[in-house]
Amino acid sequence: PMQAHWRLVQTCRLALGQNHEEFRHGTARKVFEEAGRIGAMDKLTAERLASNADFYSMARNRLQLMRGDAQSEPGSAAQGTNRASLCGFTAVERFEHVLQGTISEAEQHWLNIAAGNEQKGFDILGGSAAHAQTGDQEAYDIGNLENMGFADGRDIASTVDDWLRGTYASNETEPKQRLSQLAPGLLTEFAATQNPDLAIANFDRLLPLLPDDVKPFDRLRNNTSLCSTVVDLFGNMSRYGDILIASPELVGEVLDETCATPESAEEWLEAYPLPRRHGSDDQVLAALSDWLWEARTRLCLAWTRGALELSQSGEILSALSQAAVTLVYDICVSEAVAAGNDLGKGLAIVAMGDFGGANLVANAPLDLVFVYDPDGKKGASADAVQHYTGLANAITECLTTPRKVAEGLELPLFEVDTRSRPGGTSGEIASSLRIYKTYYVGQADARAQLGLTRARVICGPKGLAARIEDATADMLTRPRQGDQLPRDADRGRSKDLRHDRPQSTWDVARIRGGLIDLEIVVQCMQIKYGAENPYVFSPNLSEALSALGRSGCLDGNVVAELSESVAFWQRLRAVQGLTGMNDPTAERPRQRMAKLIARAVGVSDFTSIEPLIRGHAERTQMHYNHLILGHQPDNSVDKAAVH
C-alpha cells in the first residue's frame, strides 16, 4: 500500500494539477505549501504536513544511505537504533513515536479529503469519532495522544470531541470539517509545549469567554502567527495564560491582535496608566495587582508575537515595577501619617541589583534597601526607629501579600529581597542615613561596596533622595588602597561558590565567567576610574560598559566582547524568567519550548545554546583574570571551569 504522505501528495496532484502546473512536478513540501497558498487546504494543516513529509523523507533517506538499498524499513533492531541516532534521537522509541505520528496525521488528512461531506466526526489518529468511543479503538487513540506528550489522553479526546459537537463548528458540515482539519495540527503543537494538558485546559476555558460573533478556530486556521502565539502562551508560559483568561480586555486584544506595543517604558505607562486611588486601600491594591499582572502578560504576548525585543522588556518591566512600588509607598506613608506617626524627614526606597540597573527579569525579586533620615543631630530616637521599621515592614508586606489574579490563582505583586541592607540579614530592615553611610565606608565587604554602583533611589522625599545619592557618590569615589577592592571581591566570589555552587551550566548568573563575574569586572572598573570620570557610574550594566569604553578606561575590543556577553546573558535570563525553564538539564525542554529559548538568544538550534554559554563564560573569565586578578593575557584562551 502507498505510504500515507505520498498518497496525500498524489491526491493533491490529481485534484489540482490540471489548473495548477506547480502541483504536477513539485516536491511533497511544495505541493502542501501550494495547497495552503491557494486555499485548497488550511495553512496550518499545510505547514504541518510539509514538515511531516520532510521528516519522513529524512528518516527514509538516512536508512537507505545506511543500508545501501531502497528499503524503507529497517531490517533489524540495530538498524532501527542506528537510523534513530542518524536522525538526532537518542531513544529509538521516541523516534518511532514521532515517525508514526507524522504518518498517522497524513493518513487522517487523506481520510478527511476522501470522506468529503460524509465526514461526521473527528479522530485524532484515524477512524471516526463514533468508532473512537468503544473498545480497542478508544484505547489506541488515547494511547497515541499520551505518546504525543499528553498526560491524560482520555480527557484530551473528550475535550476535542466537545469542540466538534459544540457551538464552535456550528451545525453545518463545512465548518465542522474545517475544525477537524485544524484540530490535529493544533493538538500536535500543544503536545510539543512544556505543559500540554494545562495548555489544552486553559484553551478550552478561553473558548466560552469569546463573543458570539468570534469564530476562534476559523481565526486560528487563517492566522498561523496568532495560532503560534496562543499555543506558546498557554503551553510554555502557563502562568500568563491564566492571567489572560481572567482579563476580558486581554482576550479581545489577543484575538484581534490589537495588543499595543509602545516603544519605550514612558510610552508603555502612558498607554496603560496606573490605577487611580479610588476606594479603599485594599481595593486600590487589588486593582494594582490586576494592572501589574496584565502588564506583564502584555509584555509576554508582545515578545511572543515578535513585536518586542527581549532587550526592551527589562527596561519596561523595571519602569512598571517602579511605578507599582511608588504607589504602594504612597499608600503606606498616607496610612502612617493618618495614624499620627512622626516620619521626620521621611523614608526612601533604594533599588539595588537588577532593579537598580533598570533591567529586571520577569518573576525576579526586587532588591530593596530602606533608608530614613530622622529629625535631630543625635540620630534616631527609639520612637523614630520603631516608626520607620514599621513603615518599611508595611511596604514589604503590601508588596509580597498574595492577591487573587485569576480563578484559583493568588500571586504577590513581587518577591522582595532586603539582604543588601546595612548589616545584611542581621541588620534592621530600615537604616538611618548615618548608618547607611558608615556601613559602606567601614563594615561592608567588597561585594557590598561594589553593589552600590547599582543603587538607585526610586521613591521618597526629594531632599532625602538627593542626600542618599550624594552619600552614595562620595562612598564610590573615596580613595582606596591600590587593587585591594578587586582582590577582596574575588575572595568573596570564591567563598560564595564554595558554599553555593551553581547547579548546572544554565545557572548563567553564578557560573564562573557568568553574569556575576562580568558585573564584578564592570563595577571594579567603575570604582577604579570613577573619581576622574564620574559619568561611568551608570547603574545599568550595558550603559556603564559603553561609558568605560568612551572614556578610554577599557579597551574597545574588551568593551565589545563584554557587551556582547551582557546581551547574551540578559536575553537568556529574560526567557528563563518568562518560561520558568531555568535548568533544561533537570527538565528536558519539549520541541516548542526549545525553539522559544533558541529564538530568544538568537540561534536557530537549541543544541547550540550550551556551547555558546561555555564560550561566553570562557571569554568573560579571561577578561576577569586579567582585569581583576592581574593575570597577563597570552595567546591561548584562559579556559575557565563553568561549573
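Just so it is clear, the structure is predicted and the values come from calculations on it, not from any experiment.

Peer 1: Explain the overall build of the chain here, please?
Peer 2: Of the regular secondary structure elements, the chain holds 28 helices and seven strands. Considering the chain as a whole, with its 643 residues, one finds that 51% of them fall into the buried category.

Peer 1: Explain the side chain of glutamine 526 to me, please; I cannot follow it from the model alone.
Peer 2: The residue glutamine 526 is located in helix α24 (residues 515-529) in this model. Sequence-distant contacts of glutamine 526, defined by excluding residues within four places in its chain, comprise Thr453, Val536, Phe537, Ser538, Ala544 and Leu548.

Peer 1: Help me understand the nonpolar core, please; the structure alone is not making it clear to me.
Peer 2: Within soluble globular proteins, side chains that are nonpolar generally end up buried alongside one another. One finds Phe203 and Ile395 to be the most contacted residues of the largest nonpolar core, which totals 161 residues. Looking at this core, the element that brings in the most residues is helix α17 (residues 310-338), giving 15 residues. If sequence neighbours within four positions are ignored, isoleucine 395 has contacts with Val328, Tyr329, Cys332, Leu347, Ile349 and Phe370. In this structure, Leu8, Val9, Val31 and Ala106 belong to the second largest nonpolar core, which totals 15 residues.

Peer 1: What exactly am I supposed to notice about the pairing of strand β1 (residues 347-351) here?
Peer 2: Walk down a regular strand and you will see the side chains alternate between the two sheet faces. Counting buried positions along β1 yields five of five residues, so the element is predominantly enclosed. Burial of β1 is two-sided: the residues Leu347, Ile349 and Ala351 facing one way and the residues Ala348 and Val350 facing the other way are all buried. Taken together, the five bridges between β1 and strand β2 (residues 366-372) define a ladder with antiparallel strand orientation. Bridging from a neighbouring strand, alanine 348 pairs with valine 371 of β2.

Peer 1: What am I meant to see in unusual backbone geometry here?
Peer 2: In terms of backbone geometry, most residues other than glycine have negative phi values and most peptide bonds are trans. The residue alanine 358 is not glycine, and still its phi comes out positive at about 55 degrees. Structurally, alanine 358 can be placed in the loop between α18 (353-356) and β2. The phi torsion at asparagine 363 lies on the positive side, around 70 degrees, for a residue other than glycine. For asparagine 363, a relative accessible area of 38% translates into the label partly exposed.

Peer 1: Just checking my understanding: could you explain the pairing of β2 for this structure?
Peer 2: When you tally the buried positions in β2, you get seven out of seven residues, the bulk of the element. A two-sided burial pattern is seen for β2, the buried positions comprising Leu366, Leu368, Phe370 and Tyr372 on one face and Asp367, Val369 and Val371 on the other. Pairing of β2 with strand β5 (residues 416-417), which is carried by two bridges, proceeds in the parallel orientation. The partner of aspartate 367 across the bridge, within β5, is aspartate 417. For β2 and strand β6 (residues 430-432), the ladder comprises three bridges, and the chain directions are parallel.

Peer 1: I tried to follow helix α10 (residues 196-206) on my own but got confused; where do I start?
Peer 2: Note: α-helices contain 3.6 residues per turn, so residues at a spacing of three or four share the same orientation. Within α10, burial applies to Pro196, Ala199, Ile200, Asn202, Phe203 and Leu206. Projected onto a plane normal to the axis of α10, the buried residues spread over an arc of 165 degrees and lie on a single side.

Peer 1: Quick question: what am I supposed to make of the confidence of the model for the chain here?
Peer 2: Reading fine detail from the predicted coordinates is not recommended where pLDDT is low. In this model, the chain carries an average pLDDT of 84, and 87% of its residues clear a pLDDT of 70 or more. Contacts for the low-pLDDT stretch residues 117-140, under 50 throughout, to residues beyond four places or in other chains number 45 contacts. Across residues 635-643, confidence stays below pLDDT 50; counting only partners more than four residues off in sequence or on other chains, it has 14 contacts.

Peer 1: Before we go on, may I ask you to explain the packing of aromatic side chains in this structure?
Peer 2: Two aromatic rings, taken as a pair, are described by how far apart their centres are and by the angle between their planes. Within the structure shown, the criterion is met by 11 aromatic pairs. Between phenylalanine 89 and phenylalanine 95, the ring centres sit 5.5 Å apart and the planes meet at 75 degrees, which makes this aromatic pair edge-to-face. With a centroid separation of 5.8 Å and 45 degrees between ring planes, the pair formed by tryptophan 268 and tyrosine 272 is classed as tilted. For tyrosine 272, a relative accessible area of 11% puts it in the buried group. Here the aromatic cluster, defined as three or more aromatic residues joined through ring pairs, consists of Phe55, Phe89 and Phe95. The ring of phenylalanine 355 has arginine 456 lying over it, and the distance from NZ or CZ to the ring centre is 5.8 Å. If you follow arginine 599 out to its NZ or CZ, it ends over the ring of tryptophan 303, 4.5 Å from the centre.

Peer 1: What is the right way to read the packing of α17 against helix α19 (residues 382-400) from this model?
Peer 2: When two helices pack together, you describe them by how their axes are tilted relative to each other and by the distance separating the axes. At a closest axis distance of 9 Å, the pairing of α17 and α19 adopts a crossing angle of 135 degrees. Relative to α19, the element α17 lies oblique. For the pair α17 and α19, the crossing hand works out as right-handed. Counted together, Val325, Val328, Tyr329, Cys332, Val333 and Ala336 of α17 and Leu391, Ala394, Ile395, Cys398 and Leu399 of α19 form the full contact between these two elements. Split by residue class, the contact of α17 with α19 holds 11 nonpolar, no polar and no charged.

Peer 1: Looking at this structure, how should I read the pattern of salt bridges?
Peer 2: Two side chains carrying opposite charge are able to pair once their charged atoms lie near each other. Across all of its chains, the model carries 26 salt bridges by this definition. For aspartate 417, the salt bridge goes to arginine 419, with nearest N and O atoms at 2.8 Å. Since its relative accessible area comes to 57%, arginine 419 is described here as exposed. In this structure, glutamate 610 engages arginine 614 in a salt bridge whose closest nitrogen and oxygen atoms are separated by 3.8 Å. One end of the pair is glutamate 610 and the other is arginine 614, both in helix α28 (residues 609-627) and four residues apart, which spans about a single turn. Because the salt bridges share partners, they merge into one network encompassing Arg48, Glu105, Glu189, Asp232 and Arg592.

Peer 1: Explanation requested: the side chain of threonine 193 in the structure shown.
Peer 2: As for its position among the elements, threonine 193 is in the loop between α9 (173-191) and α10. On the basis of relative accessible area, threonine 193 is assigned to the buried category, the value being 0%. From its side chain, threonine 193 meets the backbone oxygen of phenylalanine 190 in a polar contact 2.6 Å long. Contact partners of threonine 193, with chain neighbours within four places excluded, come to Ala199, Val231, Gly235, Asn236, Arg590 and Arg592.

Peer 1: Help me understand the environment of phenylalanine 355, please; the structure alone is not making it clear to me.
Peer 2: By the secondary structure assignment, phenylalanine 355 is in helix α18. Its relative accessible area of 1% is what places phenylalanine 355 among the buried residues. Spatially, the C-alpha atoms of phenylalanine 355 and alanine 319 are 9.3 Å apart, while their sequence positions differ by 36 residues. With residues up to four places along the chain from it excluded, the contact list for phenylalanine 355 reads Ser318, Ser321, Gln322, Leu360, Leu366, Leu368, Arg456 and Ile458.

Rules behind the numbers
Residues numbered from 1 in each chain as written. Predicted model: local features only at pLDDT ≥ 70, side-chain atom pairs only at ≥ 80, totals over all residues. Heavy atoms only, no water. Helix = DSSP H or I, 4+ residues; strand = E, 2+ residues; numbered from the N terminus. Buried < 20%, exposed > 50% of the residue type's maximum accessible area, 1.4 Å probe, protein only. Contact = heavy atoms within 4.5 Å. Core = buried A, V, L, I, M, F, W, Y, C linked by side-chain atoms within 4.5 Å. Pairing = 2+ DSSP bridges. Arc of directions from axis to C-beta. pLDDT = per-residue confidence, 0-100. Phe/Tyr/Trp six-rings, centres within 6.5 Å; stacked < 30°, edge-to-face > 60°. Lys NZ or Arg CZ within 6 Å of the ring centre and 35° of its normal. Axes fitted to C-alpha atoms, helices over the stretch in contact; angles between N-to-C directions. Parallel < 35°, antiparallel > 145°, perpendicular 65-115°, else oblique. Left-handed = near helix turned anticlockwise from the far one by under 90°. Nonpolar A, V, L, I, M, F, W, Y, C, P; charged D, E, K, R; others polar. Salt bridge = Lys/Arg side-chain N within 4 Å of Asp/Glu carboxyl O. Polar contact = N/O pair within 3.5 Å; in protein donor to acceptor, adjacent residues only side chain to side chain.

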